[in-house]
Amino acid sequence: MKTPDPSSVPFVDDEAGLTARQCRVARDLLDWTPEELARRSGTSVQAISGLERLERPFPLPDALAVARTLKRAGVEFAANGHPRLALFSEGAQG
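For every chain, the first residue of the written sequence is number 1, and numbering continues from 1 onward in sequence order. Where totals are concerned, whole chains, interfaces and linings use all residues; where local detail is concerned, this predicted model gives features only for residues with pLDDT of at least 70, and gives and counts side-chain atom pairs only at 80 or more. The side-chain quantities take in all heavy atoms of the structure and omit both hydrogens and water.

## Focus: helix 3 (residues 45-52)
For helix 3, the tally of buried residues reaches six of eight residues, placing the bulk of the element in the interior. Within the sequence span of helix 3, burial applies to A47, I48, S49, G50, L51 and E52. Pairs of residues are marked as contacts when any of their non-hydrogen atoms sit within 4.5 Å. Numbering goes from the N terminus for both helices and strands, where a helix is a DSSP run of H or I of at least four residues and a strand is a run of E of at least two. Among the structural elements, helix 1 (20-29), helix 2 (34-41) and helix 4 (60-72) are those in contact with the buried residues of helix 3. Just past helix 3, the residue L54 takes up positive phi, approximately 55 degrees. We call a residue buried when its accessible area falls under 20% of the maximum for its residue type, exposed when it is over 50%, and partly exposed in between, using a 1.4 Å probe and counting protein chains only.

## A short note on the side chain of T69
The topology assignment puts T69 in helix 4. Setting aside chain neighbours within four positions, we find T69 in contact with W32, L37, R40 and S41.

## Topic: the pattern of salt bridges
We count a salt bridge whenever a side-chain nitrogen from Lys or Arg sits within 4 Å of a carboxyl oxygen from Asp or Glu. Tallied over the full model, the rule gives four salt bridges. Note that R27 is salt-bridged to D28, the shortest N-O span being 3.9 Å. Judged by relative accessible area, R27 falls into the buried class, the value being 10%. Residue R39 is joined to E36 by a salt bridge in which the shortest nitrogen-to-oxygen separation is 2.8 Å. Taken as a pair, R39 and E36 lie in helix 2 at a separation of three residues, close to a single helical turn. We classify R39 as exposed; its relative accessible area is 57%. Each member of the salt-bridge network shares a partner with another, and the members are R27, D28 and E52.

## Some thoughts on the nonpolar core
Definition used in this section: a nonpolar core is a set of buried Ala, Val, Leu, Ile, Met, Phe, Trp, Tyr and Cys residues joined via side-chain atoms within 4.5 Å. Core analysis: the largest hydrophobic core is formed by 12 residues, namely C23, A26, L30, W32, L37, A38, I48, L51, V66, L70, A73 and V75. Going through the elements one at a time, helix 1, helix 2, helix 3 and helix 4 are the ones with two or more residues in this core.

## Describing the environment of A65
Checked against the element boundaries, A65 lands in helix 4. Residues A65 and R40, spaced 25 residues apart in sequence, show a C-alpha to C-alpha distance of 9.1 Å.

## A short note on the packing of helix 2 against helix 4
Structural elements are reduced to axes, namely lines fitted to C-alpha atoms, with helices fitted over the stretch in contact, and the angle between N-to-C directions of any two is expressed from 0 to 180 degrees. Where helix 2 contacts helix 4, the axes come no closer than 9 Å and their chain directions differ by 100 degrees. Between helix 2 and helix 4, the interaxial angle falls into the category roughly perpendicular. On helix 4, the residues that touch L37, R40 and S41 of helix 2 are A65, V66, T69, L70 and R72. For the contact of helix 2 with helix 4, a count of residues per class yields four nonpolar, two polar and two charged. Relative orientations are named as follows: roughly parallel for angles under 35 degrees, roughly antiparallel for angles over 145 degrees, roughly perpendicular for angles from 65 to 115 degrees, and oblique for any other angle. Throughout, the ten residues Ala, Val, Leu, Ile, Met, Phe, Trp, Tyr, Cys and Pro are labelled nonpolar, Asp, Glu, Lys and Arg are labelled charged, and all others, Gly among them, are labelled polar.

Quick look at the structure:
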């Protein structure tokens, strides 16, 4: 049995379908540091860093807060799962 790539393991739930890799890419699209994402989502820097490195379980409430924050900032997830920045998003500007 092949071991799945850790970056493809969902960190929220099947409905949201976000992975640690998607979180990193989405944050990079927004040009946000882990500190900025933590501040905006109400989570800790340690939680964001641990999530992105898959070092520890991520509590569902925090995961949902991160997902909502990224989406509010204008990140969309294409059908293939790749994050992209929505054009003309107010939240993505700052």
